Amino acid sequence: MRKKIEYPHCETCDVRNTSIFKDLNGKKIEELSHSKGCHVYKKGQVIFYEGNYPSGLFCINKGKIKIYKLGESGKEQIVRLAKTGDIIGYRALVSGEPYRGSAEALEDAVLCHIPKESFLSIMQNDGPFAMRFMQLLCQELGEAEARLLDIAQKSVRERLAEVLLILKENFGYEDQNQTLNITLTREDLANIVGTATETVIRLLSDFRKENLIELKGKKIQLVDVAGLIKVANLLD
Amino acid sequence: MIKEHQQSNSCQLLRFPLFLGCNEDTIQKIEKIQYCSHFTRNDYIFKEGQEANSVFCLCWGKVKIVKKKEDHTLQIISLTRPGDILGLRAVISEDIYPHSAIALEDCAGYYIERKDLLYLIKNFQPIFINSSRLLCKEIDALESKIANLIQYSVSQRVAITLLILKETYGVDNQQCINVDISKGDIANMANTTRVTIYRVLNHFKRNGIIDIKDKRIRILNVQRLEQLANE
């Protein structure tokens, strides 16, 4: 039987300090907390589907979410991995267009749903918040551009090394042994890098032979970060 | 010529999606802070790495947005058309220009300085909403482009590129795509080499899908092109 969890309240939510809502003042936080909904998602459960219209945006209280597009052939392309404190589904909300990707829980997750009206009202009444939101869009645009350039000019091997480094930066290590704090299937990894699953498996085993990483089931341990940076051909 | 453009300023400004929903007063304010500039083919409107101190609102002409790659060749990020705002992201994030804007043909538009634009965004709700929407659309377009590069074959990518060019710039009464773009630029957009582009375009030509004359590409069979793109 599934246990009903207690709704996280925005006033006492410690995740909020890392989210876009961190600088909202007391009264607005209270309003936000009252207007939102909350739901627990099981691993593999879909949060929203590409092509549907949004009724609000989601703030991740717990868990990791993948956002992906489906290609003509039905192959997934993962466009983003979101973590605790991130908001998802906000672009469709602002542009008034359908979702451009689907969101699925990579592990059991808790997400708060903020209705469209509440979010737009905060945007209208809180200038600094609105500007912060816009900065977030700019940042995302920059990341998309970087990814486009990578795909246009880097080899699959370079891209895989870079993806491992980005995962480290976004999700960190789960222990002293520098094991990445995110569990992805080989297929997920292939869908992030933009290649075939077989290629990812082969390259990971190459990396292991070169003592760059160590593999324990689905877990990946980064042994030689400097070496990975070199393989990824990152200048900074 | 210049004078004529200055006279029709306010109707020009209303054509920009950025200023949609602004009232007469706001438009008049914007008119006061912008200044008009003209460029000829291959001119830089702004250059990658410079401090982003203004956005450029393109009134007429076509501009390509490019970024320098590690090997110092250029990658086309997007093509813009009249009504587009160039450099928006860099100005909002108070950064340097992450890419260059180069005129594909004679063009003209208005510069709006950073402090003025930020003032507009902070004080006029429609401009705030519009600029967020523009950023969202740019992200959407880039993500589709990434998915295209990863999932499609070369001939599919060339077909998609031709359809994008057609959608962006339209066709004249002879079904010629309304832009003088080099084969190198098309190769760049489809992420392939110039040699391959010649080969693929000739293949399309032999199959009666397109015709090429004086650098212009004429689309003879749109349905077939769409089929190729979706194969």
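This write-up is about the structure you can find in this document.

Reading the values: the criteria
- Per chain, residues are indexed from 1 in the order of the written sequence.
- Written order decides the labels, with chains lettered from A and ligands numbered from 1.
- Since the coordinates come from a predicted model, pLDDT governs what is reported: local features require at least 70, and pairs of side-chain atoms require 80 or more to be given and counted, while whole-chain, interface and lining totals use all residues.
- The side-chain numbers reported here are obtained from all heavy atoms of the structure, hydrogens and water having been left aside.
- Should any heavy atoms of two residues lie within 4.5 Å, those residues are counted as being in contact.
- Joining two parts hides part of their accessible area as seen by a 1.4 Å probe, and the buried area is that hidden amount summed over both.
- The term salt bridge refers to a pairing of a side-chain nitrogen on Lys or Arg with a carboxyl oxygen on Asp or Glu at a separation within 4 Å.
- Under the rule applied, a polar contact is a pair of N or O atoms within 3.5 Å (in protein, one hydrogen donor and one hydrogen acceptor; residues adjacent in sequence only if both atoms are side-chain atoms).
- Helix and strand labels come from DSSP, where a helix needs a run of H or I of at least four residues and a strand needs a run of E of at least two; each type is numbered from the N terminus.
- Three categories are distinguished: nonpolar for Ala, Val, Leu, Ile, Met, Phe, Trp, Tyr, Cys and Pro, charged for Asp, Glu, Lys and Arg, and polar for the others, with Gly belonging to the last.
- Multiplying 1.5 Å by the helix residue count minus one yields the expected span of that helix.
- Between rings of Phe, Tyr and Trp, where Trp is taken as its six-membered ring, a pair exists when centres lie within 6.5 Å; planes separated by under 30 degrees are stacked, by over 60 edge-to-face, and by other angles tilted.
- For each residue, the accessible area found with a 1.4 Å probe, counting protein chains only, is set against the maximum for its type, and the residue is called buried under 20%, exposed over 50%, and partly exposed in between.
- Here, over-ring charges are defined by two tests on the NZ atom of lysine or the CZ atom of arginine: distance to the ring centre within 6 Å, and angle to the ring normal within 35 degrees.
- At least two bridges found by DSSP between two strands is the condition for calling them paired.
- Comment: axis = line fitted to C-alpha atoms, over the contacting stretch for helices; angle = value between 0 and 180 degrees taken between N-to-C directions.

1. Some words on the interface of chain A and chain B
Part 1 of the reasoning: Counting residues at the interface gives 35 residues for chain A and 35 residues for chain B.
Part 2 of the reasoning: Of the roughly 3,600 Å² buried between chain A and chain B, counting both surfaces, carbon and sulfur atoms make up 68%.
Part 3 of the reasoning: A salt bridge links arginine 89 of chain B to glutamate 145 of chain A; its shortest N-O distance comes to 3.3 Å.
Part 4 of the reasoning: Linking chain A with chain B are six residue pairs in polar contact (both at pLDDT 80 or more), by the criterion used here.
Part 5 of the reasoning: Of all elements in the fold, only β5 (76-82), α2 (90-95), α3 (116-125) and α4 (127-153) of chain A reach the threshold of two or more residues within the side of chain A that touches chain B.
Part 6 of the reasoning: Here the side of chain A that touches chain B takes 17 residues from α4 of chain A, the largest share from any one element.
Part 7 of the reasoning: The residue inventory of the side of chain A that touches chain B, partitioned by class, reads 15 nonpolar, nine polar and eleven charged.

2. Focus: α4 of chain A
Part 1 of the reasoning: Between its terminal C-alpha atoms α4 of chain A stretches 39 Å, which fits the 39 Å expected from 27 residues at 1.5 Å a residue.
Part 2 of the reasoning: For α4 of chain A, the N-terminal cap is aspartate 126 of chain A; the gap from its side-chain oxygen to the backbone nitrogen of phenylalanine 129 of chain A is 3.1 Å.

3. A look at the packing of aromatic side chains
For any pair of aromatic rings, the description consists of the separation of the ring centres together with the inter-plane angle of the planes.
Part 1 of the reasoning: Here the structure, examined in full by the defined rule, presents 13 aromatic pairs over all chains.
Part 2 of the reasoning: A ring pair is formed by phenylalanine 21 of chain A and phenylalanine 129 of chain A, whose centres lie 5.6 Å apart and whose planes are at 15 degrees; its orientation type is stacked. Separated by 108 residues along the polypeptide, phenylalanine 21 of chain A in the segment before α1 (26-35) and phenylalanine 129 of chain A in helix α4 bring together distant segments of the chain. Taken as a pair, phenylalanine 21 of chain A and phenylalanine 129 of chain A share a single burial class, namely buried.
Part 3 of the reasoning: An aromatic cluster is present here, built from Phe21, Tyr90, Phe119, Phe129 and Phe133 of chain A joined pairwise through their rings.
Part 4 of the reasoning: When the ring centre of tyrosine 44 of chain B is taken as reference, the NZ or CZ atom of lysine 47 of chain B above it lies at 4.6 Å.
Part 5 of the reasoning: Positioned above the aromatic ring of tyrosine 169 of chain B is the side chain of lysine 62 of chain B, whose terminal nitrogen or guanidinium carbon lies 5.2 Å from the ring centre.

4. A few points about the pattern of salt bridges
Part 1 of the reasoning: Within this structure, the stated rule accounts for 25 salt bridges over all chains.
Part 2 of the reasoning: For lysine 64 of chain A, the salt bridge goes to glutamate 107 of chain A, with nearest N and O atoms at 3.5 Å. Of this pair, lysine 64 of chain A sits in the loop between β3 (56-62) and β4 (65-70) while glutamate 107 of chain A sits in the loop between β7 (102-105) and β8 (109-115), and the two are 43 residues apart along the sequence.
Part 3 of the reasoning: Close ionic contact of glutamate 143 of chain B with arginine 91 of chain A constitutes a salt bridge, the shortest N to O distance being 3.1 Å. Residue glutamate 143 of chain B is found in helix α6 (residues 125-151), and its partner arginine 91 of chain A is found in helix α2; the two belong to separate chains.
Part 4 of the reasoning: Owing to a relative accessible area of 6%, glutamate 143 of chain B belongs among the buried residues under this scheme.
Part 5 of the reasoning: Here the residues in one salt-bridge network are Arg91, Glu97, Arg100, Glu140 and Arg147 of chain A together with Asp140 and Glu143 of chain B, joined through shared partners.

5. Some words on the sheet that holds strand β6 (residues 87-88) of chain A
Residues and elements named next belong to chain A.
Part 1 of the reasoning: In spatial order, the strands read β1-β8-β3-β6; together these four strands make up an open sheet with antiparallel pairing. Lying at the two open borders of the sheet, with one neighbouring strand each, are β1 (37-41) and β6.
Part 2 of the reasoning: In this sheet, β8 lies alongside β1 in antiparallel orientation, the contact comprising five bridges. Bridging across to β8, histidine 39 finds its partner in leucine 111.
Part 3 of the reasoning: Most of the contacts of α3 go to β8, to which it runs at about 70 degrees, and overall it touches β3 and β8.

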